[in-house]
Amino acid sequence: MNPSILSNLDRVLTSPLVAALTAPYGVDRFLEPFNPMWSATQVRGRIEAVQRQTRDSVTITVRPNRHWQGFVAGQYARIEVEIDGVRRSRCYSLASAAPGRDGAVEFTIKQQDGGLVSTFLYAYAQVGMVLGLSQAEGEFVLPESPTTPLLLVAGGSGITPVMSMLRTLDGRVSSAPVSMLYYVRTAADAIYGDELAALFARHASWQLRVIHTRDGGSHFSPAHVDALVADLAAVDTYVCGPAALIDALIALSAERGCEARLRHERFTAPVSTAVIDPNTVSGELRFIRSERLATNDGRSLLDQAEAAGLRPEAGCRMGICHSCTCRKTSGVVRDLRSGKLSSDGEEDIQICVSAAVGDVTLDL
Amino acid sequence: MARSRSLTKTPNPSIRSAPQQPSKPLTANTLSLTPAQIEAFGKEMDAIRERVLGDLGQRDADYIRDIVKLQRGLEIAGRAMLQFGWLPPAFVGGVAALGASKILDNMEIGHNVMHGQYDWMQDPQLNSRKYDWDTACPADQWRHSHNVMHHTYTNVLGVDRDVGYGLLRMDENQPWHPIFLANPVFAFLLASLFQYGVALHDAEFDRILSGERPLSEAMPLLKGIWKKTRGQWLKDYALFPLLAGPGAPITFVGNAMANLVRNYWTFTIIFCGHFPADVQTFDKSTLANETRGQWYLRQLLGSANIEGGKWFHIFSGNLSHQIEHHLFPDLPAHRYAEMSVEVRKVCEKFGLPYNTGSLRKQFGSVVAKIFKLALPPRSAMLPVTA
Ligand SMILES: Cc1cc2nc3c(=O)[nH]c(=O)nc-3n(C[C@H](O)[C@H](O)[C@H](O)COP(=O)(O)OP(=O)(O)OC[C@H]3O[C@@H](n4cnc5c(N)ncnc54)[C@H](O)[C@@H]3O)c2cc1C
Ligand code: FES
């Protein structure tokens, strides 16, 4: 449809008159039950193509609705799907060329064993499926027009933001020289393998080295860098991949005194590997909005928040009224009624019937 | 009184020494429960709860979204038909569709979503703290008066303000006053204006009128109510009528009738939940050191079900399963039907009453009570302690 018609339509849909007519719900609640892509405010995307490049990954082309504001190469968006009735969202890097303001965008998701969203998308992504999207976010981005030579290092599915950078640079008239190291298990596991080869073949000043870690190659070593760039301090380095790869590059650039020129993107938060024993009382409670810290004493989070001087909303204090529901941003909690442990991600919990198991952060 | 004495076999001294007013004969069944049995009963309720909790998933998500879709469809159809209200079939259809949409929104969607029944879906549109409904009562105030006060303190006289809504005499233990001769009139007025009754509930308007509560204390609440009501009036009584042009008065009347239909229906269902004969009320002392088992028992004894078909249950927001709703207020209400089978079995096992009947029977006994309690107690010679 003509974009100016759509933007006029949006102006009507978001007008005070329409808000008053659709009160107290808002116009989206009349549009969305019929077609989720019609939202007047939310970003949604429809899957246009599905491709399986490797044994354990899926590449999807998604056309966002008109609320999508584009992105900068290297950024990610949160994809939201519903699995067994529950909304789940995860971050996925945009792999297509920036800015992608009207066109479709691309994501590649590697299926993680036991991983909820990646397994769901890997198994069920199909043309026509509608996904919830956030606007693009993230600081792992190229400068506006890079002039210094670049060193890009990717491991496994960490290729996605790097791919976006390469595709974006490829579209420009002139670009700084690019050197790239790409770690994959075997040739068959290389996501975007063929496209990379073609891309680097097109640019005389670009050089690529793909290392098959389970097929003759080794894991990261400083020698790999030195073989590609003469002086690490003279290039801007971007790394995305497994934690070990990122940590190794951080250590190397610290050693060479050029940490300021290194940027990295982690797909997983650095997790504590300590096994949590639900029966011992340990850890700290962080109330982020009020910026308070308390040592977990094992009582309900509501009791402890109050002991810390906070006054969270609460009513029944026995888990029935849901007044005390609040966002847990990290940590595991135990349901005091059933003894069940929660997952450690972000979710809403009832603090009157939850106790912390180790460190817990609450949006209070 | 039977109600709290039924719990007096617990080791709770404050319950045993409770001042007791005679009202209904003791039911031998409830008296025979030992404290251990009460806790065993509670454990069985917990087990039912856990089983359903563990089974929540796509089926429940699809169900509530289908209901939302139906409600939105009815609302669009109702509003559209009332734009042509001068055509008699459009008027009748419009009032019916808009009334049905408001009923679905208030009961199966609003009431249940705001209980947190669908919070587990992590969908902001079905989240208890974000939902707002098509009625005069602001969502946040209702969550307090209903979820906290009514559900935690169900049928505890002097605490649960749903007992008579601070307006009616619905329990023999409420002291009689000549003003209650108008009980049936008050009840009719409350039913007609039910959405405003519900809206003014949390502000405790009755206590403001009687001077017990300073107006200043209720001011922020009243402001919230005014803001919400204004929005409702703007839409129902100004904008949609104006859109109908010369048909404006007809649209206005149609919208008012849809609101009225909703008011009578919700009043009927809600009054059948706690006021039919044999539903028990409790003394404040019941609350002291109440165990989970005792809490479950109070919910069971303080609620009554209405029997009916699938669509009757849907349009009553499954509050026709009031007993299950009070036992498990935050589980998706469309599960109550299947849960009621198990709850009844457990009640039989423990010899506990399970109050259920047809709409005619339950509402008939509510109406009878409204009339009966308008008159002074037969034992009016005895001094009444408040
Ligand atoms: C900025 C950013 C960008 C990202 N970009 C991408 C991208 O482009 N492509 C991509 O594929 N991913 C990307 N990710 C990772 C992605 O967001 C998800 O974390 C990933 O897909 C796993 O999500 P999941 O729901 O499948 O796993 P979850 O269910 O969240 O589980 C998380 C991890 O725990 C493991 N796990 C789960 N359950 C168990 C269990 N019982 N026992 C042991 N381990 C378990 C899983 O294997 C998984 O690795 C990015 C992450 C970030 C932060
Ligand atoms: S305070 Fe009522 S659920 Fe937590």
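Residues numbered from 1 in each chain as written. Chains lettered and ligands numbered in written order. Predicted model: local features only at pLDDT ≥ 70, side-chain atom pairs only at ≥ 80, totals over all residues.

A. Highlighting the overall build of chain B. On a plain count of helices and strands, chain B comes out with 17 helices and two strands. Evaluated residue by residue, chain B yields a buried proportion of 48% over its 386 residues. The contacts in chain B between residues at least 6 apart in sequence include a share of 69% that link residues at least 24 apart. (Helix = DSSP H or I, 4+ residues; strand = E, 2+ residues; numbered from the N terminus. Buried ≥ 20, exposed ≤ 12 C-beta atoms within 10 Å, placed from the backbone. Contact = placed C-beta atoms within 7 Å.)

B. Examining helix H13 (residues 292–301) of chain B more closely. Counting buried positions along H13(B) gives nine out of 10 residues, so the element sits mostly inside the fold. When H13(B) is considered as a whole, its buried residues turn out to be Gly293(B), Gln294(B), Trp295(B), Tyr296(B), Leu297(B), Arg298(B), Gln299(B), Leu300(B) and Leu301(B).

C. Layout of the confidence of the model for chain A. All names here are of chain A. Across chain A, the average pLDDT comes to 91, with 96% of residues at 70 or higher. The least confident element of chain A is helix H1 (residues 3–13), whose mean pLDDT is 80; the most confident is strand E5 (residues 105–110), at 98. Here residues 271–275 scores under 50 on pLDDT; set against residues more than four positions off or in separate chains, the count is zero contacts. (pLDDT = per-residue confidence, 0-100.)

D. Geometry of the interface of chain B and chain A. The partner chain A presents 22 residues to the 36 residues of chain B that form the contact. Of all the secondary-structure elements, those providing two or more residues to the side of chain B that touches chain A are helix H5 (58–82), helix H7 (139–152) and helix H11 (215–243) of chain B. Partitioning the side of chain B that touches chain A into residue classes produces 11 nonpolar, 12 polar and 13 charged. (Nonpolar A, V, L, I, M, F, W, Y, C, P; charged D, E, K, R; others polar.)

E. Inspection of unusual backbone geometry at higher detail. Residue Pro24(A) is reached from Ala23(A) by a cis peptide bond, and omega for that bond is -5°. Within the secondary structure, Pro24(A) is located in the loop between helix H2 (16–21) and helix H3 (28–31). The omega angle of the peptide bond from Ala98(A) to Pro99(A) is 5°, so this bond is cis rather than trans. For Pro99(A), the location among the structural elements is in the loop between strand E4 (86–93) and E5. Unlike most non-glycine residues, Tyr192(A) shows phi in positive territory, near 65°. Relative to the elements of secondary structure, Tyr192(A) occurs in the loop between strand E8 (178–184) and helix H6 (193–202). Using a count of 23 C-beta atoms within 10 Å as the deciding quantity, one classes Tyr192(A) as buried. Phi angles above zero are rare outside glycine, and Asn289(B) is one such case at about 50°.

F. Spotlight on the site of ligand 1. Residues and elements named next belong to chain A. Contacts to ligand 1 come from 21 residues, most closely from Gly114, Gly115, Val117, Ser118 and Thr160. For the shell around ligand 1, the secondary-structure elements that each account for two or more residues are E4, E5 and helix H4 (116–124). Here the residues of the shell around ligand 1 sort into seven nonpolar, 10 polar and four charged. Counting only domains with at least three residues in the shell around ligand 1, you end up with domain 2 (42–133) and domain 3 (150–265). (Near = placed C-beta within 6 Å. Domains from an automatic or database assignment.)

G. Representation of the packing of helix H12 (residues 248–274) of chain B against helix H17 (residues 359–372) of chain B. Residue and element names in this part refer to chain B. Interhelical geometry of H12 versus H17 gives an angle of 80° and a closest axis separation of 9 Å. Considered as vectors, H12 and H17 are oriented roughly perpendicular to each other. Note on element contacts: H17 touches H12 through Leu359, Gln362, Phe363 and Val366, opposite Thr268, Phe271 and Cys272. Taken together, the residues of the contact of H12 with H17 sort by class into five nonpolar, two polar and no charged. (Axes fitted to C-alpha atoms, helices over the stretch in contact; angles between N-to-C directions. Parallel < 35°, antiparallel > 145°, perpendicular 65-115°, else oblique.)

H. Spatial organisation of the domain arrangement of chain A. Domain boundaries in chain A define domain 1 (1–31), domain 2 (42–133), domain 3 (150–265) and domain 4 (284–362). Each of domain 2 of chain A and domain 4 of chain A was reduced to a C-alpha centroid, and the two centroids are 32 Å apart.

I. Just the UniProt feature "domain: Fatty acid desaturase" (unreviewed entry) in chain B, in detail. UniProt's entry tags residues 90–356 of chain B with the feature "domain: Fatty acid desaturase" (unreviewed entry), counted in the numbering of this structure. Structurally, residues 90–356 of chain B comprises 57% helix and 1% strand, and the distance from its first C-alpha atom to its last is 38 Å. (UniProt positions renumbered as here; feature names shortened; annotations may be inferred.)

J. Up close: helix H4 (residues 35–55) of chain B. Residues and elements named next belong to chain B. In this model, H4 (21 residues) spans 31 Å end to end at C-alpha, consistent with the 30 Å of a helix rising 1.5 Å per residue. Those residues of H4 that fall on the buried side of the exposure criterion are Ile38, Phe41, Met45 and Ile48. All buried residues of H4 lie within an arc of 80° about the axis, which places them on one face of the element. Residues of H4 that are exposed and angled more than 90 degrees away from the buried face: Ala36, Ala47, Arg51 and Gly54. Where H4 is buried, its residues contact H13, helix H15 (322–327) and helix H16 (336–350). (Expected span 1.5 Å × (residues − 1). Arc of directions from axis to C-beta.)

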